Amino acid sequence: MGLHGVKAVFFDLDNTLIDTAAAGRRAIEEVLPFALTRHLQVINALQSKHHYGEGEARAVCDKVQAKLLKECHDPAKMCITDLRISHWEEAIQETTGGEANRDLAAECYYLWKTTRLQHLTLAEDTRAMLTELRKGLRLLLLTNGDRQTQREKIEACACEPYFDAIVVGGEQKEEKPAPSIFHYCCDLLGVQPAECVMVGDSLDTDIQGGLNAGLKATVWLNKAMTAPVDTSPVPHYIISSVLDLPAVLQKMEHYINAKLGTDHMAGSNE
């Protein structure tokens, strides 16, 4: 699939190519009481070893989930592992009272992390789409986040073979939406910003970043297809599934071809 004017597509990772949010929720559910055997349960440790009730166990999980959603990580101050163990430590203490238990929190975190990674998969239809797109376009994975965490996700979902390059924000001076990281990606692939398309689920980082960097087009993945209260920034295209991307690229090609034809006719009439 070659496109006039488009040479490369940048893909976000989390909740675009892989459903990180769903994997996190499934990990939380699977470590609730009686869900799995002991070695795959976080919360069973709370119940059987520490005699906590199922209601308290679920409350701990809910608190951890809330902390993850509001998480603000500064790698210069604390590594991601210590930060997330602290989430569990605080959640357990807030729910059950008493003294902090760092060892139990660490056990909970590592079991949750292992379970979540097991659920991070690149769907077969997504793999097929990437394979087909790569026949005519250069593909790059551009993800924000902590280096260790994102590299573990990339390895878990085995997506590396589908891309010409992978860029992790935590390894760069700036992350999305800074123009610098997009221009770095362009340099990696040997293309110009006006030859690239950004695809992602975040208006604030993916879409705003693509606009900041002067990319040819931005494609917002809005699975719910509900309009946000704040419609800024405005993406060029909106899709409900990443599998809709080839149709958008075809639409872009038709538009470019039509414009080229109009320009050619205008030149002939001069």
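Residues numbered from 1 in each chain as written. Predicted model: local features only at pLDDT ≥ 70, side-chain atom pairs only at ≥ 80, totals over all residues. Heavy atoms only, no water.

Regarding its fold elements, the protein presents 10 helices and 6 strands. Pairs at least 24 apart in sequence give 63% of the contacts found in the protein among residues at least 6 apart. Accessible surface computed for the protein: about 13300 Å², of which carbon and sulfur atoms make up 52%. (Helix = DSSP H or I, 4+ residues; strand = E, 2+ residues; numbered from the N terminus. Contact = heavy atoms within 4.5 Å. Areas by Shrake-Rupley, 256 points an atom, 1.4 Å probe, with all protein chains shown as cover.)

All right, on to unusual backbone geometry then. A cis amide bond links Lys176 to the next residue, Pro177, at an omega of 15°. Relative to the helices and strands, Pro177 is located in the loop between strand E3 (165–168) and helix H8 (179–189). Even without a glycine there, the phi angle at Ala158 is positive, about 55°. On the secondary structure map, Ala158 appears in the loop between helix H7 (147–157) and E3. Its identity as a non-glycine residue notwithstanding, Met225 has a phi of 55°, on the positive side. Within the fold, Met225 resides in the loop between strand E5 (217–221) and strand E6 (237–239). Residue classification places Met225 among the partly exposed positions, given a relative accessible area of 46%. (Buried < 20%, exposed > 50% of the residue type's maximum accessible area, 1.4 Å probe, protein only.)

Below, the discussion takes up the confidence of the model for the protein. For the protein, mean pLDDT is 86; residues scoring 70 or higher make up 83% of the total. Per-residue pLDDT stays below 50 along residues 33–41; that stretch engages in 27 contacts with residues further than four places along the chain or on separate chains. Taken as a whole, residues 264–268 scores under 50 in pLDDT and shows 0 contacts with residues more than four places along the chain or in a different chain. (pLDDT = per-residue confidence, 0-100.)

Of the volumes computed, that of the largest pocket is approximately 1100 Å³. Lining the largest pocket are 37 residues, and of these Asp14, Leu68, Glu71, Arg84 and Lys153 sit closest to its centre. Those elements that provide at least two residues to the lining of the largest pocket are helix H1 (20–30), helix H3 (54–69), helix H4 (80–96), helix H5 (102–118), H7 and helix H9 (203–212). Split by residue class, the lining of the largest pocket holds 7 nonpolar, 15 polar and 15 charged. Residue assignment places the lining of the largest pocket across two domains, with domain 1 (8–19 + 122–266) and domain 2 (20–119) each supplying three or more. Within this model, the second largest pocket holds a volume of roughly 260 Å³. (1 Å grid on protein atoms, 1.4 Å probe; cavity = no way out; pocket = protein on both sides within 12 Å on 5 of 7 lines; lining within 4 Å. Points joined across faces, edges and corners; volume = space filled by probe spheres on them. Nonpolar A, V, L, I, M, F, W, Y, C, P; charged D, E, K, R; others polar. Domains from an automatic or database assignment.)

Take empty space enclosed by the protein next. Here the structure, examined in full by the defined rule, presents 1 cavity of 30 Å³ or more. The calculated volume of the largest cavity comes to roughly 60 Å³. Along its surface, the largest cavity is lined by Arg84, Tyr109, Trp112, Lys113, Arg116, Leu117, Thr149 and Glu152. At the level of elements, H5 and H7 are the ones that each hand at least two residues to the lining of the largest cavity. No other element matches the 5 residues that H5 contributes to the lining of the largest cavity.

The interhelical angle for the contact between H1 and H5, taken along N-to-C directions, is 130°, at an axis separation of 8 Å. By the angle between their directions, the pair H1 and H5 is classed as oblique. For the pair H1 and H5, the sense of crossing is right-handed. For the pair H1 and H5, the contacting residues are Thr20, Ala23, Gly24, Ala27, Ile28 and Glu30 in the first and Trp112, Thr115 and Arg116 in the second. (Axes fitted to C-alpha atoms, helices over the stretch in contact; angles between N-to-C directions. Parallel < 35°, antiparallel > 145°, perpendicular 65-115°, else oblique. Left-handed = near helix turned anticlockwise from the far one by under 90°.)

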